[in-house]
Amino acid sequence: MTATGTGSANAKVLLFGEHSVVFGKPAIALGLHAGVTATARSESPCALRVPNWNLDLSRNDDHPVARALDALLSSLGIDDIACEVDAHIPAGAGLGSSAALAVAVARAALAAHNRADNNDVAAAAMASERVFHGNPSGLDHTVAMTGGLLRFVRGNPPHVQQLGTGAPFSLVVAQVAAGASTAVQVSEFARRIAGLGATGSRLLDCFEQIVDQAIPALERADLGELGLLFDANHGLLAGLGMSTAALDVACQKARNAGAYGAKLTGAGGGGCVIALADADSAEVICDTLRTCSISSFIVHHAAPAGL
Ligand code: MEV
């Protein structure tokens, strides 16, 4: 008899520490409410359909998503799943779409087999992410699983801490261009860090210091200081070749329209920028970017009660 199961997962934006997190430095990420939902049926042959991303694949197809599905199902020890996915985020834009897909499919596949185990989901998502990234830190699938605002340090298991904020803040997420390959970006970052020798290590320490300073600034909801840290983090990433002219221009437009600070988010080389704002200026920044034909949306992060 065919059994069904569903699973969902969050997309994410990286506030601080992308790339340096691959080297064991801390990062701060925010899960988005939007993400993906998967419905799995226990039937053969294994297949995956994501209509919003124009994907209709079988497990053995010569396609990176099919190879990721194969890795994921092998990790789960499941070989009879057909999955239909509803995606509410763009693919390949630096918003963690591949990790959200992996987590949602793993959850749905397990549910169709009356199983539910976060360790199995994390291991399967990591196997899937390795197909795309080679050396993923594990941050993307961790946020896809937990949501929220969190500090993450890679490890087995990773160190994950939910963070508080003293007041609400808003982010404008602007999709500037198609994203570049995360694997290519990660290996280019590593090449540049290695080429800089001791200076490369000191630059990695700078990323860490930005994260360390951002946590109390988030607790105080000091948007002015956080904006400076956004700009500094973007500057470091740009100096290490992770930005593009279009990402830099979008950051500057957002700052000129009133953002406290702006930076690329995710692997860079294209994809999205995020601009830090309060609720009023977020609307203005979003309208300004849309006027420049940059598709944008606003994320409001509410401060948890009691903080
Ligand atoms: C990609 O969303 C984040 C990177 O730091 C890669 C990773 O953490 O695996 C660029």
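In what follows, the accompanying structure is described.

### Some details on the overall build of the protein
Helix and strand counts for the protein stand at nine helices and 11 strands. Against the compact-globule benchmark of 19 Å for 307 residues, the protein has a radius of gyration of 19 Å, which places it among compact chains. Its C-alpha atoms put the protein at 60 × 45 × 40 Å along the principal axes. When burial is assessed residue by residue, the protein has 51% of its 307 residues classed as buried. At a minimum sequence separation of 6, the contacts of the protein that also span at least 24 residues come to 72%. Total accessible area computed for the protein in this model is approximately 12400 Å², and 51% of it derives from carbon and sulfur atoms. The distance from the centre of the 19 positive side-chain charges to the centre of the 27 negative ones in the protein is 5 Å.

### Regarding the site of the ligand
Around the ligand, a shell composed of Lys-12, Leu-14, Glu-18, His-19, Val-21, Val-22, Pro-136, Ser-137, Asp-140 and Ala-267 is seen. One of the side-chain N or O atoms of Lys-12 is found 3.2 Å from an oxygen atom in the ligand. Side-chain polar atom of Ser-137 to an oxygen atom of the ligand: 2.6 Å apart, as the coordinates give it. Look at the ligand: alone it shows 300 Å² of surface, and the protein chains cover 97% of it. A per-class count over the shell around the ligand returns five nonpolar, two polar and three charged.

### Comments concerning the pattern of salt bridges
Scanning the entire structure with this criterion turns up 14 salt bridges. Between Lys-12 and Asp-140 there is a salt bridge, with its nearest N and O atoms 3.6 Å apart. One end of the pair, Lys-12, is in strand β1 (residues 4–16); the other, Asp-140, is in helix α4 (residues 139–146), and 128 residues separate them in sequence. For Asp-140, a relative accessible area of 17% translates into the label buried. The salt bridge partner of Glu-188 is Arg-191, with a shortest N-O separation of 3.0 Å. Taken together, the positions of Glu-188 and Arg-191, both in helix α5 (residues 182–195) and three residues apart, correspond to about one turn of that helix.

### Looking at helix α9 (residues 279–291)
Taking 1.5 Å as the rise per residue, α9 with 13 residues should run 18 Å; its terminal C-alpha atoms sit 19 Å apart, in good agreement. Where the residues of α9 are buried, they touch β8 (169–177), α8 (245–256), β10 (271–277) and β11 (295–301). Remark: Ser-293 follows α9 within two positions and exhibits a positive phi of approximately 65°.

### Observations regarding the nonpolar core
If you look at the biggest cluster of nonpolar residues, it comprises 91 residues, and the most contacted ones within it are Leu-15, Phe-16 and Ile-28. Ranked by residues supplied to this core, first place goes to helix α2 (residues 97–112) with 11 residues. Those residues within four positions of Phe-16 in sequence are excluded, and the remaining contacts are Ala-27, Ile-28, Ile-210, Val-211, Ala-214, Leu-226, Leu-229, Phe-230, Asn-233 and Lys-263. Core analysis: the second largest hydrophobic core is formed by 10 residues, Leu-139, Val-143, Leu-150 and Phe-152 among them.

Conventions adopted
Residues numbered from 1 in each chain as written. Predicted model: local features only at pLDDT ≥ 70, side-chain atom pairs only at ≥ 80, totals over all residues. Heavy atoms only, no water. Helix = DSSP H or I, 4+ residues; strand = E, 2+ residues; numbered from the N terminus. Rg over C-alpha atoms; globule rule 2.2 N^0.38 Å. Buried < 20%, exposed > 50% of the residue type's maximum accessible area, 1.4 Å probe, protein only. Contact = heavy atoms within 4.5 Å. Areas by Shrake-Rupley, 256 points an atom, 1.4 Å probe, with all protein chains shown as cover. Lys, Arg positive; Asp, Glu negative; His and termini not counted. Charge placed at Lys NZ, Arg CZ, Asp CG, Glu CD. Near = heavy atom within 4 Å. Polar contact = N/O pair within 3.5 Å; in protein donor to acceptor, adjacent residues only side chain to side chain. Nonpolar A, V, L, I, M, F, W, Y, C, P; charged D, E, K, R; others polar. Salt bridge = Lys/Arg side-chain N within 4 Å of Asp/Glu carboxyl O. Expected span 1.5 Å × (residues − 1). Core = buried A, V, L, I, M, F, W, Y, C linked by side-chain atoms within 4.5 Å.

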